[in-house]
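Notes for the structure review
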Amino acid sequence: KKRLTTTIYISKLNRIGFALSGTLLASGIGAVISDDNRKITMSDLIGGCLRLSDVGRSRNEVLADQSRENSQSKNSSDLRNPTLIIATTPPDPEILAEWMRGSTPFFLIDGLDRDNLTFGPFVTPGKDACLRCIDLHCLDRDPNWNSVSLAHFLDRRRELSTPLALLGASIGAIFALAQLDQLDHIAQVDPAHPADQTGQETPSQISTQFQSQFQLRGKTITYSGSELMHPVIRRWSRHPLCGCSWQ
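What comes next is a walk through the structure. (Residues numbered from 1 in each chain as written. Predicted model: local features only at pLDDT ≥ 70, side-chain atom pairs only at ≥ 80, totals over all residues. Heavy atoms only, no water.)

In a packed pair of helices, the relevant descriptors are the angle between the two axes and the axis-to-axis distance. With their axes 10 Å apart at the nearest point, helix 1 (residues 15-26) and helix 2 (residues 59-70) run at an angle of 15 degrees to one another. The orientation of helix 1 with respect to helix 2, classified from their angle, is roughly parallel. Both helix 1 and helix 2 take part in a crossing whose hand is right-handed. Counted together, F18, S21 and L25 of helix 1 and R59, V62, L63, Q66, S67 and N70 of helix 2 form the full contact between these two elements. Partitioned by chemical class, the residues of the contact of helix 1 with helix 2 number four nonpolar, four polar and one charged. (Axes fitted to C-alpha atoms, helices over the stretch in contact; angles between N-to-C directions. Helix = DSSP H or I, 4+ residues; strand = E, 2+ residues; numbered from the N terminus. Parallel < 35°, antiparallel > 145°, perpendicular 65-115°, else oblique. Left-handed = near helix turned anticlockwise from the far one by under 90°. Contact = heavy atoms within 4.5 Å. Nonpolar A, V, L, I, M, F, W, Y, C, P; charged D, E, K, R; others polar.)

Of the two faces of strand 3 (residues 84-87), the one lined by L84 and I86 and the one lined by I85 and A87 are each fully buried. Relative to strand 4 (residues 106-110), strand 3 is paired through three bridges, and the arrangement is parallel. Bridging across to strand 4, A87 finds its partner in L108. What joins strand 3 to strand 4 is helix 3 (residues 93-101), and the crossover it makes is right-handed. (Buried < 20%, exposed > 50% of the residue type's maximum accessible area, 1.4 Å probe, protein only. Pairing = 2+ DSSP bridges. Right-handed = clockwise from strand over helix to strand, strands pointing away.)

Position of S58 relative to the elements: it lies in the loop between strand 2 (31-33) and helix 2. If we ignore the near neighbours within four places in the chain, the residues touching S58 are N37, R38 and K39.

For the rest of this paragraph, the subject is the state of the cysteines. Overall, the coordinates contain zero disulfides when judged by the stated rule. In this model C242 remains outside any disulfide bridge; the closest cysteine sulfur is found in C130, 3.6 Å from its own. Under the relative-accessibility criterion, C242 is labelled buried at 2%. (Disulfide = S-S within 2.5 Å.)

Now for the packing of aromatic side chains. The geometry of two aromatic rings is summed up by the distance between their centres and the angle between their planes. A complete count under the given rule lists three aromatic pairs for this structure. Taken together, a centroid distance of 5.9 Å and an interplanar angle of 80 degrees make the contact between F119 and Y223 edge-to-face. Here Y223 lies in strand 6 (residues 219-224) and F119 lies in strand 5 (residues 116-119), a separation of 104 residues in the sequence. Exposure class is identical for F119 and Y223. Each is buried. Every member of this aromatic cluster is reached through a ring pair, and the members are F119, F175 and Y223. (Phe/Tyr/Trp six-rings, centres within 6.5 Å; stacked < 30°, edge-to-face > 60°.)

So this is what it looks like as structure tokens:
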């Protein structure tokens, strides 16, 4: 019942985005929405998520049709009040700032470098390490990180292969449903004791094995196309120089 009343906003309806939306709707999510109004191209047609007749149509219009046809809920949805935000590309700085000013939790699925998929972190604004915290931690370790990050952010021409895009959508849906099923628990976790940077999780983060395996709070998980069985797990704390911790 909780899933039926849930609305998930997907930032970009790219190869991962459309496959993810279909998986979420099939999993009982009430509505999946987006304001991505770019036109659908032939390269977007993967995995049966879109039809040839969809080419040339606006992505958000096609998603709205799919949501009406496949959702088990008949409730209307509102772009302004989603339950969860999923970014399928790194958000523009002004978009990230808007999300951080709000109260809706979000997480990132990053597949821009074609060979790797990174999930997380799950961010409850004002409580968890955000994307800028991660950038600042990376900058602490590598003075050239800003150049690397900028090149990664600007290179949006590359699309994931079909298998990796579908894998990203499947794993992303698992994580999204896990986050939704645990939102009540996340609201009760003490934000004053985040994971440290040594890889040690605090007791509040190990309350159940389910949490440890599927929760992305303060955590990123990266799958490589060549090392799918050995994902890299990194844990992040809030950075003292990031504005999200100035409260």
